[in-house]
Amino acid sequence: MTHILYTIEELKKQRATHNGPVVLVPTMGALHEGHLSLVRLAQQIPAATVIVSIFVNPLQFAEGEDLDAYPRTLEADVDKLTAVGADYVFAPSPRDMYPQGPRTTIHPGPAGTVLEGASRPTHFAGVLTVVHKLFALTNCTHAIFGEKDYQQLLLIKQMVADLNLNVNIIAAPIVREKSGLAQSSRNQYLSAQQTQLATTLWRALAAGQQQHTKETILHSAHAILETEPDIKLDYLALRHNDLVSEPTAGENRLLVAATVGKTRLIDNVAVTLN
(Lines give C-alpha, C1' and ligand atoms only; values in the text may rest on other atoms or scores of the structure.)
Protein backbone atom coordinates (compact mmCIF):
# COMPACT_ATOMS: atom_id res chain seq x y z
CA MET A 1 0.00 0.00 0.00
CA THR A 2 1.45 3.34 -1.09
CA HIS A 3 0.79 6.13 1.43
CA ILE A 4 0.41 9.76 0.30
CA LEU A 5 1.98 12.46 2.45
CA TYR A 6 0.78 15.96 1.59
CA THR A 7 2.67 18.03 4.16
CA ILE A 8 6.12 18.30 5.68
CA GLU A 9 4.69 17.45 9.09
CA GLU A 10 3.19 14.22 7.77
CA LEU A 11 6.53 13.36 6.18
CA LYS A 12 8.44 14.00 9.40
CA LYS A 13 6.12 11.76 11.40
CA GLN A 14 6.48 8.87 8.98
CA ARG A 15 10.22 9.36 8.57
CA ALA A 16 10.70 9.05 12.33
CA THR A 17 9.35 5.50 12.19
CA HIS A 18 12.05 4.20 9.81
CA ASN A 19 15.61 3.38 10.85
CA GLY A 20 16.90 1.54 7.79
CA PRO A 21 17.87 2.84 4.35
CA VAL A 22 15.55 5.47 2.89
CA VAL A 23 15.73 5.97 -0.87
CA LEU A 24 14.38 9.18 -2.40
CA VAL A 25 13.20 9.31 -6.01
CA PRO A 26 12.56 13.02 -6.75
CA THR A 27 10.10 13.74 -9.59
CA MET A 28 7.80 16.45 -10.85
CA GLY A 29 5.05 13.93 -11.57
CA ALA A 30 3.48 13.01 -14.92
CA LEU A 31 5.20 9.70 -14.36
CA HIS A 32 6.28 7.40 -17.17
CA GLU A 33 8.25 4.17 -17.41
CA GLY A 34 11.51 6.05 -16.93
CA HIS A 35 10.38 7.20 -13.49
CA LEU A 36 9.10 3.75 -12.57
CA SER A 37 12.48 2.26 -13.49
CA LEU A 38 14.02 4.53 -10.85
CA VAL A 39 11.59 3.16 -8.26
CA ARG A 40 12.47 -0.42 -9.21
CA LEU A 41 16.15 0.43 -8.88
CA ALA A 42 15.48 1.92 -5.43
CA GLN A 43 13.74 -1.28 -4.38
CA GLN A 44 16.90 -3.28 -5.06
CA ILE A 45 18.54 -1.72 -1.99
CA PRO A 46 17.98 -4.25 0.82
CA ALA A 47 15.36 -3.26 3.42
CA ALA A 48 14.91 0.17 1.83
CA THR A 49 11.93 2.44 2.33
CA VAL A 50 11.19 4.18 -0.98
CA ILE A 51 9.84 7.73 -1.01
CA VAL A 52 8.82 9.26 -4.35
CA SER A 53 8.43 13.02 -4.23
CA ILE A 54 6.01 14.65 -6.68
CA PHE A 55 6.49 18.39 -6.73
CA VAL A 56 6.42 20.81 -9.66
CA ASN A 57 9.13 23.09 -8.35
CA PRO A 58 8.44 26.75 -9.27
CA LEU A 59 12.04 27.76 -8.53
CA GLN A 60 13.38 25.95 -11.59
CA PHE A 61 11.02 27.59 -14.09
CA ALA A 62 11.87 31.00 -15.51
CA GLU A 63 9.29 33.54 -16.66
CA GLY A 64 7.72 32.37 -19.92
CA GLU A 65 8.48 28.69 -19.35
CA ASP A 66 5.82 26.01 -18.93
CA LEU A 67 5.25 26.07 -15.15
CA ASP A 68 1.48 26.57 -15.41
CA ALA A 69 1.11 24.13 -18.30
CA TYR A 70 3.34 21.42 -16.84
CA PRO A 71 1.22 18.23 -16.56
CA ARG A 72 -0.10 17.51 -13.09
CA THR A 73 -1.50 13.97 -12.84
CA LEU A 74 -1.23 13.07 -9.16
CA GLU A 75 -4.03 10.50 -9.06
CA ALA A 76 -2.69 8.60 -12.06
CA ASP A 77 0.86 8.89 -10.69
CA VAL A 78 -0.16 7.38 -7.35
CA ASP A 79 -1.86 4.49 -9.17
CA LYS A 80 1.36 3.76 -11.05
CA LEU A 81 3.46 3.96 -7.89
CA THR A 82 1.06 1.70 -6.03
CA ALA A 83 1.36 -0.84 -8.84
CA VAL A 84 5.16 -0.93 -8.52
CA GLY A 85 5.06 -0.93 -4.72
CA ALA A 86 6.54 2.43 -3.72
CA ASP A 87 6.16 2.96 0.03
CA TYR A 88 5.37 6.67 0.16
CA VAL A 89 4.48 9.55 -2.12
CA PHE A 90 5.43 13.00 -0.84
CA ALA A 91 3.30 15.57 -2.68
CA PRO A 92 3.63 18.93 -0.92
CA SER A 93 2.29 22.31 -2.01
CA PRO A 94 4.57 25.22 -3.00
CA ARG A 95 3.32 27.10 0.08
CA ASP A 96 4.43 24.25 2.33
CA MET A 97 7.82 23.95 0.63
CA TYR A 98 8.50 27.70 0.45
CA PRO A 99 6.48 29.36 3.22
CA GLN A 100 8.71 32.46 3.11
CA GLY A 101 9.14 32.44 -0.65
CA PRO A 102 12.38 31.65 -2.52
CA ARG A 103 14.74 33.47 -0.16
CA THR A 104 17.72 31.08 -0.08
CA THR A 105 19.04 29.27 -3.13
CA ILE A 106 22.11 27.16 -3.94
CA HIS A 107 24.44 28.48 -6.65
CA PRO A 108 25.50 25.73 -9.07
CA GLY A 109 28.94 27.12 -9.94
CA PRO A 110 30.67 27.07 -13.35
CA ALA A 111 29.20 23.73 -14.46
CA GLY A 112 25.75 25.26 -14.07
CA THR A 113 26.40 28.12 -16.49
CA VAL A 114 26.95 26.06 -19.67
CA LEU A 115 24.53 24.14 -21.91
CA GLU A 116 21.18 24.12 -20.04
CA GLY A 117 22.54 26.78 -17.70
CA ALA A 118 23.28 29.10 -20.62
CA SER A 119 19.78 28.64 -22.01
CA ARG A 120 18.04 28.69 -18.59
CA PRO A 121 20.25 30.76 -16.25
CA THR A 122 18.16 30.34 -13.08
CA HIS A 123 17.20 26.70 -13.65
CA PHE A 124 19.89 24.82 -11.75
CA ALA A 125 19.81 27.06 -8.69
CA GLY A 126 16.14 26.10 -8.43
CA VAL A 127 16.89 22.41 -8.96
CA LEU A 128 19.69 22.24 -6.39
CA THR A 129 17.68 24.17 -3.83
CA VAL A 130 14.67 21.86 -3.98
CA VAL A 131 16.81 18.72 -4.09
CA HIS A 132 18.80 19.83 -1.04
CA LYS A 133 15.52 20.60 0.73
CA LEU A 134 14.12 17.16 -0.15
CA PHE A 135 17.31 15.51 1.12
CA ALA A 136 16.94 17.35 4.42
CA LEU A 137 13.21 16.68 4.80
CA THR A 138 13.40 12.97 4.02
CA ASN A 139 16.79 12.43 5.67
CA CYS A 140 17.36 9.96 2.86
CA THR A 141 20.39 7.68 2.71
CA HIS A 142 20.21 7.29 -1.10
CA ALA A 143 18.70 9.25 -3.98
CA ILE A 144 18.21 8.14 -7.57
CA PHE A 145 18.37 10.37 -10.66
CA GLY A 146 18.16 9.50 -14.34
CA GLU A 147 20.96 10.16 -16.81
CA LYS A 148 18.60 11.86 -19.27
CA ASP A 149 19.14 15.04 -17.25
CA TYR A 150 22.88 14.47 -17.30
CA GLN A 151 23.89 18.01 -16.32
CA GLN A 152 21.43 17.96 -13.43
CA LEU A 153 22.87 14.64 -12.25
CA LEU A 154 26.41 16.01 -12.41
CA LEU A 155 25.48 19.15 -10.43
CA ILE A 156 23.65 17.16 -7.76
CA LYS A 157 26.72 14.95 -7.31
CA GLN A 158 28.81 18.13 -7.11
CA MET A 159 26.51 19.62 -4.45
CA VAL A 160 26.64 16.44 -2.36
CA ALA A 161 30.45 16.43 -2.50
CA ASP A 162 30.94 20.16 -1.93
CA LEU A 163 28.44 20.45 0.93
CA ASN A 164 29.43 17.16 2.57
CA LEU A 165 25.94 15.71 2.35
CA ASN A 166 25.60 12.13 3.55
CA VAL A 167 23.54 10.92 0.59
CA ASN A 168 24.55 8.22 -1.89
CA ILE A 169 23.62 9.39 -5.41
CA ILE A 170 22.70 6.59 -7.80
CA ALA A 171 22.58 7.24 -11.56
CA ALA A 172 19.99 5.35 -13.60
CA PRO A 173 20.24 4.78 -17.38
CA ILE A 174 17.94 6.54 -19.83
CA VAL A 175 14.74 4.69 -20.68
CA ARG A 176 13.81 5.03 -24.35
CA GLU A 177 10.82 4.30 -26.53
CA LYS A 178 11.25 1.66 -29.23
CA SER A 179 11.94 4.57 -31.60
CA GLY A 180 14.88 5.66 -29.42
CA LEU A 181 13.11 8.79 -28.13
CA ALA A 182 14.08 9.39 -24.51
CA GLN A 183 11.06 9.13 -22.24
CA SER A 184 10.08 12.50 -20.77
CA SER A 185 7.00 14.00 -19.15
CA ARG A 186 7.16 16.72 -21.80
CA ASN A 187 6.61 14.14 -24.53
CA GLN A 188 2.92 14.49 -23.64
CA TYR A 189 2.97 17.87 -25.37
CA LEU A 190 3.94 16.33 -28.72
CA SER A 191 1.51 15.44 -31.46
CA ALA A 192 1.97 12.12 -33.27
CA GLN A 193 3.82 13.91 -36.08
CA GLN A 194 6.02 15.82 -33.62
CA THR A 195 6.79 12.62 -31.72
CA GLN A 196 8.11 11.10 -34.92
CA LEU A 197 10.09 14.26 -35.63
CA ALA A 198 11.57 14.21 -32.11
CA THR A 199 13.21 10.85 -32.77
CA THR A 200 15.67 12.81 -34.91
CA LEU A 201 17.46 13.82 -31.71
CA TRP A 202 18.18 10.21 -30.85
CA ARG A 203 19.18 9.38 -34.43
CA ALA A 204 21.64 12.27 -34.38
CA LEU A 205 23.17 11.15 -31.10
CA ALA A 206 23.34 7.54 -32.27
CA ALA A 207 25.11 8.62 -35.47
CA GLY A 208 27.64 10.61 -33.46
CA GLN A 209 28.15 7.71 -31.07
CA GLN A 210 29.41 5.56 -33.94
CA GLN A 211 32.32 7.94 -34.56
CA HIS A 212 35.50 8.39 -32.53
CA THR A 213 36.96 11.82 -33.27
CA LYS A 214 35.55 15.18 -32.25
CA GLU A 215 35.12 16.34 -35.82
CA THR A 216 33.39 13.21 -37.13
CA ILE A 217 31.13 12.88 -34.07
CA LEU A 218 29.79 16.42 -34.43
CA HIS A 219 29.63 16.25 -38.24
CA SER A 220 27.63 13.01 -38.20
CA ALA A 221 25.17 14.28 -35.60
CA HIS A 222 24.69 17.65 -37.29
CA ALA A 223 24.12 15.93 -40.64
CA ILE A 224 21.11 14.10 -39.19
CA LEU A 225 19.69 17.20 -37.48
CA GLU A 226 20.01 19.26 -40.66
CA THR A 227 17.64 16.89 -42.47
CA GLU A 228 14.77 18.22 -40.32
CA PRO A 229 14.49 22.02 -40.61
CA ASP A 230 11.40 22.00 -38.37
CA ILE A 231 13.61 21.14 -35.40
CA LYS A 232 14.97 24.28 -33.74
CA LEU A 233 18.38 23.34 -32.38
CA ASP A 234 19.47 25.00 -29.15
CA TYR A 235 22.81 23.22 -28.83
CA LEU A 236 24.70 20.12 -29.87
CA ALA A 237 27.81 19.82 -27.73
CA LEU A 238 30.61 17.34 -27.22
CA ARG A 239 32.13 17.74 -23.77
CA HIS A 240 34.28 15.98 -21.25
CA ASN A 241 32.14 14.23 -18.66
CA ASP A 242 32.59 17.20 -16.31
CA LEU A 243 30.89 19.36 -19.00
CA VAL A 244 33.27 22.30 -18.56
CA SER A 245 36.39 20.76 -20.11
CA GLU A 246 37.15 20.00 -23.72
CA PRO A 247 36.71 16.33 -24.68
CA THR A 248 39.70 14.04 -24.20
CA ALA A 249 40.63 10.49 -25.12
CA GLY A 250 38.24 8.03 -23.52
CA GLU A 251 34.58 8.52 -22.55
CA ASN A 252 32.93 11.90 -23.07
CA ARG A 253 29.36 13.15 -23.46
CA LEU A 254 27.41 14.23 -26.54
CA LEU A 255 24.43 16.38 -25.55
CA VAL A 256 21.59 17.94 -27.49
CA ALA A 257 18.73 20.32 -26.76
CA ALA A 258 16.14 21.33 -29.34
CA THR A 259 12.57 22.52 -29.66
CA VAL A 260 10.01 20.42 -31.52
CA GLY A 261 6.82 22.39 -32.06
CA LYS A 262 6.67 24.32 -28.79
CA THR A 263 8.29 21.58 -26.70
CA ARG A 264 11.92 21.77 -25.63
CA LEU A 265 13.62 18.36 -25.36
CA ILE A 266 17.04 17.24 -24.18
CA ASP A 267 19.01 14.03 -24.62
CA ASN A 268 22.57 12.73 -24.38
CA VAL A 269 24.79 9.72 -24.93
CA ALA A 270 28.25 8.61 -23.91
CA VAL A 271 30.82 8.71 -26.72
CA THR A 272 34.37 7.41 -26.88
CA LEU A 273 37.19 9.40 -28.43
CA ASN A 274 40.32 7.65 -29.68
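Residues numbered from 1 in each chain as written. Predicted model: local features only at pLDDT ≥ 70, side-chain atom pairs only at ≥ 80, totals over all residues. Heavy atoms only, no water.

The criterion, for reference: UniProt positions are given in the numbering used here, feature names are shortened, and annotations may be inferred rather than shown by experiment.
The chain goes by Pantothenate synthetase in an unreviewed UniProt entry, where it is assigned to Corynebacterium felinum. We quote the UniProt Sequence similarities (unreviewed entry) comment for the chain here in full: "Belongs to the pantothenate synthetase family."

1. Overview of the sheet that holds strand β8 (residues 250-260)
What links the strands of a sheet is backbone hydrogen bonding, and the strands pair in either a parallel or an antiparallel sense. The condition is simple: A pair of strands is labelled paired if DSSP reports no fewer than 2 bridges between them. Labels follow the DSSP assignment, with helices taken as runs of H or I lasting at least four residues and strands as runs of E lasting at least two, numbered in each case from the N terminus. Lines fitted to C-alpha atoms define the axes here, with helix axes fitted over just the stretch in contact, and angles between the N-to-C directions of these axes take values from 0 to 180 degrees. By the convention used here, residues are in contact when the closest approach between their heavy atoms is within 4.5 Å.
The strand order across the open sheet built from three strands is β7-β8-β9, with neighbouring strands paired in antiparallel fashion. This sheet does not close on itself; its edge strands, each paired only once, are β7 (231-240) and β9 (263-273). For this sheet, the mean inter-axis angle between neighbouring strands, taken without regard to orientation, is 15°. Here β7 runs beside β8; their pairing, made up of nine bridges, is antiparallel. By the bridge assignment for β8, His240 is matched with Asn252. Packed on one face of the sheet, helix α9 (residues 214-225) meets β7, β8 and β9 and runs near 165° to β7.

2. With respect to the pairing of β9
Let me state the cut-off plainly: Relative accessibility under 20% of the residue-type maximum defines a buried residue, over 50% an exposed one, and the middle range a partly exposed one, all with a 1.4 Å probe and only protein chains included.
Of all eleven residues making up β9, eight are buried, and the element is well covered by its neighbours. Bridge analysis of β8 against β9 gives eleven bridges, and the strand direction is antiparallel. Within β9, the residue paired with Glu251 across the bridge is Thr272. In this antiparallel pair of consecutive strands, β8 and β9, the connection spans two residues, and Gly261 shows a positive phi of 65°.

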